[in-house]
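Residues per chain are reported as follows:
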Amino acid sequence: MIEAVLGQGKQALVLVPEIGLTPQTLARFRKRFRVPVVALHSGLTDLERLDAWEAARSGRAPVVIGTRSAIFTPLARPGAIIVDEEHDGSFKQQDGLRYHARDLAIARAHREGIPILLGSATPSLESLAQARSGRYRHLRLTTRASRHAPARLELTDLRGRVRQGGLIPPTIEAIRQALAAEGQVLVFINRRGFSPSLACHQCGWIAECSHCDSRLTLHRQPPRLVCHHCEHQQPQPDACPSCGSADLRPLGAGTERTEETLATLFPKTPIYRIDRDSTRRKEALDQVLGEIRRGEPSLLVGTQMLAKGHHLPHVTLVVVVNADAGLYASDFRALEQSAQLLIQVAGRAGRAERPGRVLVQTLHPATQPSPAGRHRLRRPRLPAAGGAPSGRAAALSSSGAGALRGGQGGRRPGHRRGRRRGAARVAGRARLAGARPGPGAGAHGAAPEPLPCPADAERRAPQRAARGRRLAGRAAGAGNLAPGALVAGRRPDEPELNAPAFTRHLADGRRIRV
């Protein structure tokens, strides 16, 4: 595609999710196309960014490679846009000017009338839904570029096992065998620092950030407590600030602790830790990857920085220290992101002649992975009246009931507003999940706010809320709605709201909208 674009005298814009992927992508493109290729990312100096920006704007650079901010780069002769690892959350800017580079790339390609290619081994559910509906053309790559078979995936039971730095004895033995066979081992743990938290063994105190609600992560190099959300740092205390006890213990394992354990178990084997802390210095990541690509038996300890796009041909074993970590997150995308990350890191093994093996440590070994599951888009369905919800619908149902209960506890000021907001969040998540009501299904949440309402919406809000409660009571008495469901009533003379909604006809002939 890029070769065809360059043959027409046009330019190609390539977006990658991580700065760490830029150097190897630059080298591959320069070797393949023999044309000027420039990079744009935050790791460059102001002068370097200006030179690359001018080369792209003037057309001197036929290929432009960059991270999410490169989507704003002007091109003299735009020909195509390629988004590598389109599912990755790094394309989303979370502060300042908020945007999603993938979505902006789609809009820019549409506006300029050029093709766009979204590439990923684990596409996002949004892209899969667009491909399934026919808006995107779905091209499947069923084999690896190297033609080698995918790595064999095995689940290792963590239950009742003693751990050393997060590793259990069978995993340690597998690492020993891989190193003895002159292979490299990648130990994946998606937590920076020494341990996720520091706790007092006497009173149960846990170190928490004074600037936000997150727990502080213990780092040993140098010793300090760091908040990975707001970047607040403070010295590691010598005693518990609550009871004065000196019995402070780290809980859990991070990359530093796993590295320390492996250095004790394999003192003669080189260990390379790759995370944001160890690669802050410019070109530090390139130097470490250069050492790894020499092919000598070594241990690689890293976070998701190593899981994306890196070609490590000498890695024969990948160990996922804790595959369950992402399953307990509050994000409704936690399951999707955990599956994507697991498949991505498993793809680092067996990329050359030697077969690969992936050991996944988990507390739920009965759940066998499905190789074809990542290619299948399932549409959650709401159950029939009286039936038990399943999948995401079950999670949304319980969350919705909790939100409603939180709003109904007492007649304090703002209880209606809290109830409406809670139900709106639940309904918004249901819409994003693609939930649709099945036959006989009851109402399942309210339409998300804000909505285009009449001019006197604020004046009518209390009356509508009261009317909705009366209708909900009648519906519950008639057995039409599950307990805890929120109903937003509407009189026949009220204007329709311009928002997706479910309509339910009650036994008395009245309609409710949710």
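About the cut-offs
- Residues numbered from 1 in each chain as written.
- Predicted model: local features only at pLDDT ≥ 70, side-chain atom pairs only at ≥ 80, totals over all residues.
- Heavy atoms only, no water.
- Pairing = 2+ DSSP bridges.
- Helix = DSSP H or I, 4+ residues; strand = E, 2+ residues; numbered from the N terminus.
- Axes fitted to C-alpha atoms, helices over the stretch in contact; angles between N-to-C directions.
- Contact = heavy atoms within 4.5 Å.
- Buried < 20%, exposed > 50% of the residue type's maximum accessible area, 1.4 Å probe, protein only.
- Right-handed = clockwise from strand over helix to strand, strands pointing away.
- Salt bridge = Lys/Arg side-chain N within 4 Å of Asp/Glu carboxyl O.

Visitor: In this structure, what is going on with the sheet that holds strand β9 (residues 184-188)? I would like to understand it.
Guide: Consider a sheet: its strands pair through backbone hydrogen bonds, and that pairing is either parallel or antiparallel. In space, the six strands of this open sheet follow the order β8-β18-β17-β9-β16-β15, with parallel pairing throughout. Edge positions in the sheet fall to β8 (152-157) and β15 (271-274), since each of these pairs with one other strand and no more. Neighbour-to-neighbour, the strand axes of this sheet turn through a mean angle of 20 degrees, independent of strand direction. Sheet topology note: the β9/strand β17 (residues 315-320) ladder contains five bridges and is parallel. Within β17, the position partnered with V185 by the bridge is L317. This element, helix α8 (residues 284-292), spans β9, β15 and β16 (299-302) of the sheet and lies at about 145 degrees to β15.

Visitor: Sorry if this is basic, but what is going on with the pairing of β16 here?
Guide: Remember that side chains alternate between the two faces of the sheet whenever the strand is regular. The two faces of β16 match: L299 and V301 on one face and L300 and G302 on the other face are all buried. Pairing of β9 with β16, which is carried by four bridges, proceeds in the parallel orientation. Within the sheet, the bridge partner assigned to L186 lies in β16 and is L300. As defined by bridge partners, β15 adjoins β16 across four bridges and the pair is classed as parallel. Looking at the pairing, R273 lines up with V301 of β16. For the crossover that starts at β15, traverses α8 and ends in the parallel β16, the hand is right-handed.

Visitor: How should the pattern of salt bridges be read in this particular structure?
Guide: Counted by the stated rule, this structure contains 19 salt bridges. Close ionic contact of E259 with R273 constitutes a salt bridge, the shortest N to O distance being 2.9 Å. Within this pair, whereas E259 is found in helix α7 (residues 255-265), its partner R273 is found in strand β15, the two being separated by 14 residues in sequence. Assessed through its relative accessible area of 14%, R273 is described here as buried.

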